[in-house]
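Analysis of the macromolecular model
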Amino acid sequence: MTRLNALELVDIVLDEGSYLSWDTTPVQPAGGISDAYAAELEAAAQKSGVDESIITGEGTIAGRRVAVIAGEFRFLAGSIGVAAAERLVDAIERATLEGLPLLAGPASGGTRMQEGTIAFLSMVKITNAVIAHRKAGLPYLVYLRHPTTGGVFASWGSLGHVTVAEPGSLIGFLGPRVFEAIYGEKFPENVQTGENLHKMGIVDAVIGPERIAGTVSRVLDVLMGAKEVPSSVPDPDTAPDSVDPNSDAWAAITSSRRPERPGVRDLLRTAANTVLPLNGTGEGEKDPGLLLALAKFGSAPCIVLGQDRFRQDSREPMGPAALREARRGMRLAAELHLPLVTVIDTPGAALSKEAEEGGIAGEIARSLADLANLDAPSVSLILGEGSGGGALALIPTDRVLSAEHGWLSPLPPEGASAIVHRTTERAAEMAQSQGVHAPMLQANGVVDRIIAEHSDASDEPLDFVARVGETLEYELISLMREPSARRLARRMDRYRGLGI
Ligand SMILES: CC(C)(COP(=O)(O)OP(=O)(O)OC[C@H]1O[C@@H](n2cnc3c(N)ncnc32)[C@H](O)[C@@H]1OP(=O)(O)O)[C@@H](O)C(=O)NCCC(=O)NCCSC(=O)CC(=O)O
């Protein structure tokens, strides 16, 4: 397979003719360099046509200005010495100062062996520069190209808000031939590949270079969305005809469990106009029960964390990894000041040895803590079942919406009945007395707004999810337009005051 070099990549990703190099003459390492290394640098420059292993600059993608840093593998394997590190840090700092989103396309053998430990330590300043960029609320997107290894993968290659890999790429920490030389055996096949990292929840997608521009453009449309607050939209009338706290809780529970009831994927498919799914925690775990995506409802950009009941196993509905994935979404929202939408639709958190050993209770606690204290506008939506701590973990937001037949309870009503009556038979009675259904949740101040189901969401799935989408757009924009200190104070007061 022929691979693009750094300039070819920049050419194919940026709008035609828009690339402007930021590079200046490479710095000399303090203490100078040997004649032999100087000759190697000269030969590398001849071979690659560039003067260092990194190129930096700016350009536009679909008209939007972006900064780029890319590795040139043909220059000493894209390895990072003092000069390459300096070039990277200068470009990252400039992108931060100029408020530009930053795209990185590494391809590298890691730290430059000819420069040794002092070059190795440059991983620290590169990491610091990336973190300062992120802390400024600016997107950092990484395209891991073939091959990316060592200290490049272990610094700027692994710090993206969103990370994708090139098809068929070798992406790994220690190079396979180094492993073989040290240990006398081959490194296992199909481990250090972009595809495997995707399978393991380390990268978000595997995408060819020709699709990068389109993907980046859509990702930035969402991630830069918080920088311009959208104009307000009218409040759609989505209230049910009547809201009666004495209505039948069990009827709502039965309705929420109908197999044809629309789920979070139906909501995104029908009611969102941009959807970019992310994959797993980015740290090596994924759980199909939770969907993490960048999306837009109308003009409102957001991060969606949705419990997908169609992908939750009845025995292991949602494990600790799902909540770690959710917390990744919360961190993204916090850093980029992007609104967050959570969708609650779960028969409960996983109850198993694996879940206990994976820290399920702790993950619920940390999700509650992160979400309730999130410094970004947030909306939760009880779409259907809301059972137990796994559901509560995604509730504490600025605005809590519920479908008419949504519900929230400390555990499944059957379980509550078993605790109190030593039988599951009295679940309906328990649900009623515990006040789990939407009208009661609203009466108690848990839910702010109920979205009508005309007879039942399962019977009008498209109209129902469209109604939900319109409501989300309105609520998100209203929150974005409010000063954040006021919004946060109201959120704290609200949860402090519940029940008293
Ligand atoms: C990246 C690769 C898989 C690519 O394999 P390929 O077969 O395509 O290419 P190759 O091995 O022939 O490499 C091309 C040329 O680049 C040189 N080369 C490769 N990596 C280099 C490096 N880090 N510093 C200096 N030169 C390097 C090779 O010696 C070779 O030189 P010539 O053409 O003259 O023979 C392999 O080069 C590799 O395993 N590199 C080491 C990866 C690694 O373990 N890095 C960790 C470094 S320590 C580090 O980064 C810090 C940390 O780990 O935290």
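Reading the values: the criteria
Residues numbered from 1 in each chain as written. Predicted model: local features only at pLDDT ≥ 70, side-chain atom pairs only at ≥ 80, totals over all residues. Heavy atoms only, no water. Buried < 20%, exposed > 50% of the residue type's maximum accessible area, 1.4 Å probe, protein only. Helix = DSSP H or I, 4+ residues; strand = E, 2+ residues; numbered from the N terminus. Arc of directions from axis to C-beta. Contact = heavy atoms within 4.5 Å. UniProt positions renumbered as here; feature names shortened; annotations may be inferred. Domains from an automatic or database assignment. Buried area = accessible area lost by both parts, 1.4 Å probe. Salt bridge = Lys/Arg side-chain N within 4 Å of Asp/Glu carboxyl O. Polar contact = N/O pair within 3.5 Å; in protein donor to acceptor, adjacent residues only side chain to side chain. Nonpolar A, V, L, I, M, F, W, Y, C, P; charged D, E, K, R; others polar. Axes fitted to C-alpha atoms, helices over the stretch in contact; angles between N-to-C directions. Parallel < 35°, antiparallel > 145°, perpendicular 65-115°, else oblique. Left-handed = near helix turned anticlockwise from the far one by under 90°. Phe/Tyr/Trp six-rings, centres within 6.5 Å; stacked < 30°, edge-to-face > 60°.

Attention shifts here to helix α11 (residues 264–271). Here α11 has its buried residues at Val264, Leu267, Leu268 and Ala271. Looking down the long axis of α11, one finds its buried residues gathered within 105° of arc, a one-sided arrangement. Taken together, the buried residues of α11 touch β8 (274–278), β9 (290–297), β10 (300–307), β11 (340–346), β12 (378–386) and α19 (461–480).

On to the UniProt feature "domain: CoA carboxyltransferase C-terminal" (unreviewed entry) in the protein. On the UniProt side, "domain: CoA carboxyltransferase C-terminal" (unreviewed entry) is annotated at positions that read residues 235–482 here. Annotation note: span residues 235–482, helix share 40%, strand share 18%, distance between end C-alpha atoms 16 Å.

Each assigned domain of the protein is listed with its residue range as follows: domain 1 (6–222) and domain 2 (238–497). Using only C-alpha atoms to locate each centre, domain 1 and domain 2 end up separated by 38 Å. Facing 17 residues of domain 1, the contacting portion of domain 2 comprises 22 residues. Buried area between domain 1 and domain 2, summed over both chains or domains, comes out near 1,600 Å², and the portion from carbon and sulfur atoms is 54%. Put simply, glutamate 335 and arginine 134 hold a salt bridge, and the shortest N to O gap is 2.6 Å. Along the contact surface separating domain 1 from domain 2 lie 13 residue pairs in polar contact (both at pLDDT 80 or more). Looking at the side of domain 1 that touches domain 2, the elements with two or more residues in it are α8 (194–199) and α9 (212–223). Of all the elements, α9 adds the most residues to the side of domain 1 that touches domain 2, at four residues. Across the side of domain 1 that touches domain 2, the residue classes break down as eight nonpolar, four polar and five charged.

What follows covers the packing of helix α12 (residues 320–336) against helix α14 (residues 360–372). Direction vectors running N to C along α12 and α14 enclose 20°, while the axes themselves pass 9 Å from each other. Classified by the angle between their axes, α12 and α14 sit roughly parallel to one another. Along this stretch, α12 crosses α14, giving a crossing that reads as left-handed. Between α12, through Pro320, Leu323, Arg324, Arg327 and Met330, and α14, the contact on the second element is made entirely by Ile360, Glu363, Ile364, Arg366, Ser367, Asp370 and Leu371. Each residue belonging to the contact of α12 with α14 can be placed in one class, and the counts come to six nonpolar, one polar and five charged.

For the coordinates displayed, the defined rule picks out two aromatic pairs. Plain terms: the ring middles of phenylalanine 179 and tyrosine 183 are 4.7 Å apart, the flat faces sit at 45° to each other, and that makes the pair tilted. Taken together, the residues phenylalanine 179 and tyrosine 183, both in helix α7 (residues 176–183) and four residues apart, mark about one turn of the helix. Take phenylalanine 179: its relative accessible area is 15%, and that puts it in the buried class.

Applying the stated criterion across every chain, the model contains 42 salt bridges. Between arginine 449 and glutamate 475 there is a salt bridge, with the nearest N and O atoms lying 2.8 Å from each other. Placement of arginine 449 in strand β14 (residues 449–451) and of glutamate 475 in helix α19 is noted, with a sequence separation of 26 residues between them.

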